[in-house]
Amino acid sequence: MKVAVVGSTGMVGQVMLKVLEERNFPVTELIPVASERSVGKKVKYKQKEFTIVSMKDAIAAKPDIAIFSAGGSTSLEFAPLFAEAGTTVIDNSSAWRMDPDKKLVVPEINADVLTKEDKIIANPNCSTIQLVMVLGPLNKKYDLKRVIVSTYQSVTGTGKAAVDQLNGEISGDETTEKVYPYQIFKNALPHCDVFADDDYTKEEIKLMKEPKKILGDDTFNLTATAVRVPVQGGHSESVNIEFENEFELDEVRKILSETPGVIVMDDVKNNHYPMPLYSEGKDEVFVGRIRRDLSQPKTLNLWIVADNLRKGAATNAVQIAEYLVANNLV
């Protein structure tokens, strides 16, 4: 099993290598790929050093699977070239997510849509992944009508430079490069990604569109507000869900606790609820603060937290690869 990791020196790429190792994915040959300036440098995997190669050399090596985390323009240019060489690409950028010919996959929710013919598979947005892990099983039971989500997103979602900005501001280092239009320390920015013509950010638009494609259901409405907060290591979401059908809270907790990859943390009497501090470094999606919306019927409030670099990116991509291998699709 030849596996290429494209973007292997980046924040998500490094976590990809870590997750592949931790989950003991059957890699017989690792092909780390990065930008031209990184070619010839080394990355570590299972206590060994591997030399970073160019995109051209990686394509020529014809890996079985290429996991991309190198940005949308890189994916648009090179993913089809890997696919033409017979490689199955799992892409972490937004480049292919809403392409009607590409599958958008969260394995616990819709891996069954995958076939051998799918040579470019899209990994959803980090905030989308943790959201649909909860919406999926509840939609099956109660039928979604409307979802309102507000996110509280870690600076790691922007990348290493954003982490450096936060840490520089904490330490008082005024020379640190600013990647946000304002300071992030002691602040919250209602501004994730760039603004579109309708005044929603790209992050909010992803959140409003991607769940419908993953769930194969466009009958419900979804709106979002995405906020960047001075947290390093996990995204949080406040979610209000209106259903077509009535529900019981105990049944909601039972459904979610029986969903693979979801952990219910919902004991407010003992201050037991999900927090990014708790989720960091873990692969599960944590849900709590499960309660009725007292302002209208058939409506639920809850709080979802997950490590955006792991389940929100690297782990989900590796889980897709695991599904492909287990079902002889590569």
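Structure: see above.
Residues numbered from 1 in each chain as written. Predicted model: local features only at pLDDT ≥ 70, side-chain atom pairs only at ≥ 80, totals over all residues. Heavy atoms only, no water.

**Q** Would you explain the sheet that holds strand 5 (residues 65-68) in this entry?
**A** Hydrogen bonding along the main chain pairs the strands of a sheet, whether they run parallel or antiparallel. Reading across from one edge, 2-1-5-6-8-7 is the order of the 6 strands in this open sheet, with parallel pairing throughout. Every interior strand has two partners, whereas the edge strands, strand 2 (29-33) and strand 7 (103-104), have only one. Bridge count for strand 1 (residues 2-6) against strand 2 is 5 bridges, and the pairing is parallel. Its bridge partner lying in strand 2, Lys-2 is registered against Glu-29. Contacts between helix 1 (residues 11-22) and the sheet are confined to strand 1, strand 2 and strand 5, with strand 1 contributing the most and set at about 155° to the helix. (Pairing = 2+ DSSP bridges. Helix = DSSP H or I, 4+ residues; strand = E, 2+ residues; numbered from the N terminus. Contact = heavy atoms within 4.5 Å. Axes fitted to C-alpha atoms, helices over the stretch in contact; angles between N-to-C directions.)

**Q** How should I be thinking about helix 10 (residues 310-326) in this particular structure?
**A** Spacing of three or four residues puts side chains on the same side of an α-helix, whose turn is 3.6 residues. The terminal C-alpha atoms of helix 10 lie 21 Å apart, and with 17 residues this falls more than 12% below the ideal 24 Å at 1.5 Å per residue. At Asn-316, helix 10 is bent by approximately 35°, the largest bend along its length. Extensive coverage of helix 10 is indicated by the burial of 13 of its 17 residues. Positive phi shows up at Asn-328, right after helix 10, with a value of about 55°. (Expected span 1.5 Å × (residues − 1). Bend = angle between axes of the 7 residues up to and from the residue. Buried < 20%, exposed > 50% of the residue type's maximum accessible area, 1.4 Å probe, protein only.)

**Q** I tried to follow the environment of Val-33 on my own but got confused; where do I start?
**A** One can find Val-33 in strand 2. For Val-33, a relative accessible area of 0% translates into the label buried. With 15 residues separating them along the chain, Val-33 and Lys-48 place their C-alpha atoms 16 Å apart. Look past the residues within four positions of Val-33 in its chain and what remains in contact with it is Ala-4, Val-5, Val-6, Gly-7, Ser-8, Ile-52, Val-53, Ser-54, Met-55 and Ala-58.

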